[in-house]
Protein chains: 2
Amino acid sequence: MQSFRFTAESSGDEVVERDFTVGEVPGVLWSPPSAPDHAPLVLVGHGGGLHKKTPALAARARHAVTTWGFHVAAIDAPGHGDRPRTADDERARAALRQAMDSGDKPGFESAGVRYTASLVERAVPEWQATLDALRALPEFGDSPVGYAGGITLGTAIGVPLTAADPRITAAIFGGGFFAYDALIAAARRITVPVQFLLPWDDEHVSRDSALALFDAFASPEKTLHANPGDHRTIRWTGVDDGFLARHLRA
Amino acid sequence: MQSFRFTAESSGDEVVERDFTVGEVPGVLWSPPSAPDHAPLVLVGHGGGLHKKTPALAARARHAVTTWGFHVAAIDAPGHGDRPRTADDERARAALRQAMDSGDKPGFESAGVRYTASLVERAVPEWQATLDALRALPEFGDSPVGYAGGITLGTAIGVPLTAADPRITAAIFGGGFFAYDALIAAARRITVPVQFLLPWDDEHVSRDSALALFDAFASPEKTLHANPGDHRTIRWTGVDDGFLARHLRA
């Protein structure tokens, strides 16, 4: 198991925020000030270009702690947040930017798929190591585990992670990226309940790609929620907030 | 205004059920035993081949009465429930059955569109006459009005009704029928909040037809909820039950 340590702690009335590292990977854990042992743990994946404490992600995490009594963990994806980028990462990002600036949609898609696949390949074992480390703590043990990916990179990483790791028993995914063949194949191996969030007017990614991903989940229980909104302006009106609470009862 | 009268009443602890007629059209009104004047009124449309007191519809109506304090009204569609069928209705139904039995998908679609359009043409003014009559009762007056169509015929009627009648300020629609051009055009005139329910695995109607209908609503607030389920086996897991309550506050 990789070395785990808490590196900082700040406590408010409602939420305790603890930074940690697992090997080289920095993470954060939001928890209730007092919780029964083995309370549910939700792993939250941030979007592409963002990081583990992005304000919208942190707000949603705090909501889950205060409303549902969950612990919520986030880690920086490779080359994101506090983590260095490799030369390959820099090249991939430059190619992505260039394709977007020149309006080259097929080029943007293929550069996006290449970069995403490279991040996913590294991020899945990092999340599994994080989960190993957290479940080794007495407060977690065999806590029920959910994954909440929002849209874009958080879902691209979360789909193969959920397919690979039987400890995850419910997952929230979303659209906002190109669902390439390996992701569709991973989705076909997922049977746990899935909630899927789709911004209906995403200007970067075809609706069909997101619908094909939703279609692929083998889960008997899966619900798609679509709302008007573009790639960056997402409104989750009417989304079932109790989804994880229903499925992560201890 | 067409003649309105209550024809029967049965009261339970939680719900008062009153049958009524508006002209020749039979209807039913479910209400709380005591409600403030001008409480919200929800018009509920039944599916094709069903009627105003279909068990699933009646159960949902009673839930809306007991949970939200709404009044709920349903009427039989032309040629449905207690209403006679015209010779044209009989011919249309026979054509539909024959196309389905012979596996003639294009024939089923065109027979379905013809029959649906004929029902819609008659049903929209019947619903408007019903609403005129109910709002003439002191208990309603200017009650906020919503429409809840479920899937199939209830939505095919509800879309042009909601487009035509400004008294309806929120609507629940669904898939399950062929969204022909006139319905898409009506959907484009709808701007009130819409909740849209889609059985993901409908074996009779293409998913694209339902998605095109959802796409057409001009409403700034519209949410699509899709769950696995075929044309007859619909599960509304995770659907936002408070949608009408949010939008029909008096």
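First, a word on scope: everything that follows refers to the structure included in this document.

Rules behind the numbers
- Residues numbered from 1 in each chain as written.
- Chains lettered and ligands numbered in written order.
- Predicted model: local features only at pLDDT ≥ 70, side-chain atom pairs only at ≥ 80, totals over all residues.
- Heavy atoms only, no water.
- Helix = DSSP H or I, 4+ residues; strand = E, 2+ residues; numbered from the N terminus.
- Rg over C-alpha atoms; globule rule 2.2 N^0.38 Å.
- Buried < 20%, exposed > 50% of the residue type's maximum accessible area, 1.4 Å probe, protein only.
- Contact = heavy atoms within 4.5 Å.
- Areas by Shrake-Rupley, 256 points an atom, 1.4 Å probe, with all protein chains shown as cover.
- Lys, Arg positive; Asp, Glu negative; His and termini not counted.
- Charge placed at Lys NZ, Arg CZ, Asp CG, Glu CD.
- Expected span 1.5 Å × (residues − 1).
- Arc of directions from axis to C-beta.
- Buried area = accessible area lost by both parts, 1.4 Å probe.
- Salt bridge = Lys/Arg side-chain N within 4 Å of Asp/Glu carboxyl O.
- Polar contact = N/O pair within 3.5 Å; in protein donor to acceptor, adjacent residues only side chain to side chain.
- Pairing = 2+ DSSP bridges.
- 1 Å grid on protein atoms, 1.4 Å probe; cavity = no way out; pocket = protein on both sides within 12 Å on 5 of 7 lines; lining within 4 Å.
- Points joined across faces, edges and corners; volume = space filled by probe spheres on them.
- Nonpolar A, V, L, I, M, F, W, Y, C, P; charged D, E, K, R; others polar.
- Axes fitted to C-alpha atoms, helices over the stretch in contact; angles between N-to-C directions.
- Parallel < 35°, antiparallel > 145°, perpendicular 65-115°, else oblique.
- Left-handed = near helix turned anticlockwise from the far one by under 90°.
- Least-squares fit on C-alpha atoms with pLDDT ≥ 70 in both.

Here's the deal with the overall build of chain A
Turning to step 1, where the next piece is worked out: In terms of regular secondary structure, chain A is built from 7 helices and 9 strands.
Turning to step 2, where the next piece is worked out: Taking 18 Å as the expected radius of gyration for a compact globule of 250 residues, we find that chain A reaches 17 Å, a close match to that expectation.
Turning to step 3, where the next piece is worked out: Taken over 250 residues, chain A has a buried fraction of 57%.
Turning to step 4, where the next piece is worked out: Relative to all contacts within chain A whose residues are 6 or more apart in sequence, the contacts with residues 24 or more apart total 67%.
Turning to step 5, where the next piece is worked out: Element-wise, carbon and sulfur atoms account for 52% of the exposed surface of chain A, whose accessible area totals about 10,600 Å².
Turning to step 6, where the next piece is worked out: Computing the positive centroid from 24 side-chain charges and the negative centroid from 31, chain A places the two 2 Å apart.

A short note on unusual backbone geometry
Residue and element names in this part refer to chain A.
Turning to step 1, where the next piece is worked out: Unusually for a residue other than glycine, His 38 sits at a positive phi of about 65°.
Turning to step 2, where the next piece is worked out: Within the element layout of this structure, His 38 appears in the loop between β3 (25–31) and β4 (41–44).
Turning to step 3, where the next piece is worked out: The class of His 38 is partly exposed, set by a relative accessible area of 31%.

Re helix α1 (residues 55–68) of chain A
All names here are of chain A.
Turning to step 1, where the next piece is worked out: Spanning 14 residues, α1 covers 19 Å between terminal C-alpha atoms, matching the ideal 20 Å at 1.5 Å per step.
Turning to step 2, where the next piece is worked out: Of all the positions in α1, only Leu 57, Ala 58, Ala 61, Ala 64 and Val 65 are classed as buried. Along the axis of α1, the buried residues cluster in a sector spanning 120°; they form a single face. In α1, those exposed residues whose orientation departs by more than 90 degrees from the buried face are Pro 55 and Ala 56.
Turning to step 3, where the next piece is worked out: Taken together, the buried residues of α1 touch β3, β4 and β5 (71–75).
Turning to step 4, where the next piece is worked out: One or two positions beyond α1, positive phi appears at Gly 69, with a value near 70°.

Looking at the interface of chain B and chain A
Turning to step 1, where the next piece is worked out: At the interface, 19 residues of chain B touch 19 residues of chain A.
Turning to step 2, where the next piece is worked out: Summed over both partners, the interface of chain B with chain A comes to about 1,600 Å²; 54% of that surface belongs to carbon and sulfur atoms.
Turning to step 3, where the next piece is worked out: The largest share of the area that chain B buries against chain A comes from Trp200(B), Leu224(B) and Gly238(B), three residues that together contribute 27% of it.
Turning to step 4, where the next piece is worked out: Run the count over chain B and chain A and you get 2 salt bridges.
Turning to step 5, where the next piece is worked out: In this structure, Asp215(B) engages Arg207(A) in a salt bridge whose closest nitrogen and oxygen atoms are separated by 3.2 Å.
Turning to step 6, where the next piece is worked out: Where chain B touches chain A, the interface holds 9 residue pairs in polar contact (both at pLDDT 80 or more).

Considerations on the side chain of Thr116(B)
Residues and elements named next belong to chain B.
Turning to step 1, where the next piece is worked out: Inspection of the secondary structure assignment puts Thr 116 in helix α3 (residues 105–135).
Turning to step 2, where the next piece is worked out: Among the residues examined, Thr 116 registers a relative accessible area of 15% and is labelled buried.
Turning to step 3, where the next piece is worked out: Non-local contacts of Thr 116, meaning those with residues more than four positions away in its chain, are made with Leu 153, Ala 156 and Tyr 180.

Considerations on the pairing of β3(A)
Every regular strand shows the same layout, with side chains that alternate between the two sheet faces.
Residue and element names in this part refer to chain A.
Turning to step 1, where the next piece is worked out: Counted residue by residue, β3 has 7 buried out of 7 residues, so it is predominantly covered.
Turning to step 2, where the next piece is worked out: Relative to β3, strand β2 (residues 16–22) runs antiparallel, the two being bridged by 7 bridges. Within β3, the position partnered with Val 22 by the bridge is Val 25.

Details of empty space enclosed by the protein
Think of a ball as big as a water molecule: rolled over the atoms, this probe shows where empty space is left.
All names here are of chain B.
Turning to step 1, where the next piece is worked out: Applying the stated criterion across every chain, the model contains 2 cavities of 30 Å³ or more.
Turning to step 2, where the next piece is worked out: In this structure, the largest cavity encloses a volume near 70 Å³.
Turning to step 3, where the next piece is worked out: Val 44, Gly 45, His 46, Ile 75, Asp 76, Ala 77, Pro 78, Ala 123, Glu 126, Trp 127, Tyr 147 and Ile 157 together form the lining of the largest cavity.
Turning to step 4, where the next piece is worked out: Sorting elements by how many residues they give to the lining of the largest cavity places α3 first, with 3 residues.
Turning to step 5, where the next piece is worked out: The residue makeup of the lining of the largest cavity, split by class, is 8 nonpolar, 2 polar and 2 charged.

Considering the packing of helix α3 (residues 105–135) of chain A against helix α4 (residues 153–164) of chain A
Residue and element names in this part refer to chain A.
Turning to step 1, where the next piece is worked out: Contact pair α3 / α4: the axes reach a minimum separation of 9 Å and the direction vectors enclose 50°. Considered as vectors, α3 and α4 are oriented oblique to each other. Note that α3 runs across α4; the crossing there is right-handed. Across from Thr 116, Leu 119, Val 120, Ala 123, Val 124, Trp 127 and Gln 128 in α3, the residues of α4 making contact are Leu 153, Ala 156, Ile 157, Pro 160, Leu 161 and Ala 164.
Turning to step 2, where the next piece is worked out: For the contact of α3 with α4, a count of residues per class yields 11 nonpolar, 2 polar and no charged.

Focus: the relation of the copies chain B and chain A
Turning to step 1, where the next piece is worked out: By a simple turn and slide, chain B fits onto chain A: the slide is 0.0 Å along the axis, the RMSD is 0.0 Å, and the turn is 180°. Here the two chains are linked by the operation of a two-fold rotation axis. Of every C-alpha in chain B, the one belonging to His225(B) sits nearest the axis of rotation, 2.4 Å from it.
Turning to step 2, where the next piece is worked out: By residue overlap, the copies meet face to face through one surface: 100% of the interface positions of chain B are interface positions in chain A.

Some thoughts on the packing of helix α5 (residues 181–188) of chain B against helix α6 (residues 207–216) of chain B
How two helices sit against one another is set out by the angle between their axes and by the gap between those axes.
All names here are of chain B.
Turning to step 1, where the next piece is worked out: Closest axis-to-axis distance for the α5/α6 pair is 7 Å, and the angle between their directions is 30°. In terms of orientation, α5 and α6 fall into the roughly parallel class. Across the interface between the two elements, Leu 183, Ile 184, Ala 187 and Arg 188 of α5 pack against Ala 212, Leu 213 and Ala 216 of α6.
Turning to step 2, where the next piece is worked out: In the contact of α5 with α6, the residues fall into 6 nonpolar, no polar and 1 charged.

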